[in-house]
Every structure is written in C-alpha cells, then in structure tokens.
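Structural overview
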Amino acid sequence: MREAHERPEAMEETSVMMVGLEKSRIIQGIDILESQKEDTLKRVEDYSKPNVSEKVIRIILSYTDYVNKTVWKKS
C-alpha cells in the first residue's frame, strides 16, 4: 500500500501495486492480486542480487534532498 516507490520494475513483473491509501483502492488491489494466477508474477532478477538492499538505500538517499526541495519545497 504505497503512493510511490523507487523500483518501478516491481510493478511490471511482481505483485507490487501503487493503489494509494484509500480503503476502496486497497481492496480493489487485493482483489486483482488474488485473481491473478501465480505463474503470471515473475521474479525480478535485480532483486535476486546479494546487495539489492544496499542499492535501494543508495537510490533513496540519492533522491531525498531532491524530493524534499522540489516536491515538498523544504529548504
């Protein structure tokens, strides 16, 4: 249940969905995932790497100041 994330390939291949935080949209997302066949959801190869968590941390930290400045207008 997220409104944004740093790994868009997860939406293309796995069960990650950005449905927001409204109850009706969350339920809609769960219904869609429950109706999908398990073999249609694939493993994202990048997630199988031993240092994927370190990569995600670097990506998040790299964008934090930019997002704070341009999106949230923090100085």
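Residues numbered from 1 in each chain as written. Predicted model: local features only at pLDDT ≥ 70, side-chain atom pairs only at ≥ 80, totals over all residues. Heavy atoms only, no water.

Taking an unreviewed UniProt entry as the reference, the chain is identified by name as UDP-N-acetylglucosamine 2-epimerase domain-containing protein belonging to Malaciobacter mytili LMG 24559. Turning to the chain, the UniProt record has this under Sequence similarities (unreviewed entry): "Belongs to the UDP-N-acetylglucosamine 2-epimerase family." (UniProt positions renumbered as here; feature names shortened; annotations may be inferred.)

A few words now on the overall build of the chain. The helix and strand tally for the chain stands at three helices and zero strands. When the elements of the chain are put in sequence order from the N terminus, they spell out α-α-α. In terms of overall dimensions, the chain is more spread out than a globule: its C-alpha atoms have a radius of gyration of 15 Å, far above the 11 Å expected for 75 residues. The dimensions of the chain, computed from C-alpha atoms along their principal axes, are 45 × 35 × 15 Å. The buried share of the chain, reckoned over its 75 residues, is 12%. Within the chain, counting contacts between residues at least 6 apart in sequence, those at least 24 apart form 45% of the total. In the structure as shown, the chain presents an accessible area of about 6,500 Å², 54% of it carried by carbon and sulfur atoms. Charge separation in the chain, taken as the distance between the mean sites of 13 positive and 14 negative side-chain charges, equals 5 Å. (Helix = DSSP H or I, 4+ residues; strand = E, 2+ residues; numbered from the N terminus. Rg over C-alpha atoms; globule rule 2.2 N^0.38 Å. Buried < 20%, exposed > 50% of the residue type's maximum accessible area, 1.4 Å probe, protein only. Contact = heavy atoms within 4.5 Å. Areas by Shrake-Rupley, 256 points an atom, 1.4 Å probe, with all protein chains shown as cover. Lys, Arg positive; Asp, Glu negative; His and termini not counted. Charge placed at Lys NZ, Arg CZ, Asp CG, Glu CD.)

What follows is about unusual backbone geometry. For Lys73, which is not glycine, the phi dihedral falls at a positive 55°. The topology assignment puts Lys73 in the segment after helix 3 (52-70). Judged by its relative accessible area of 65%, Lys73 falls in the exposed class.

Taken together, the side chains of Met11, Val16 and Met18 make up a nonpolar region of the molecular surface, amounting to roughly 220 Å² of accessible area. Relative to the helices and strands, Val16 is located in the loop between helix 1 (9-13) and helix 2 (23-35). With a relative accessible area of 32%, Val16 lands in the partly exposed category. (Patch = residues over 30% accessible without salt bridge, like charges linked within 9 Å, V, L, I, M, F, W, Y side chains within 5 Å. Salt bridge = Lys/Arg side-chain N within 4 Å of Asp/Glu carboxyl O.)

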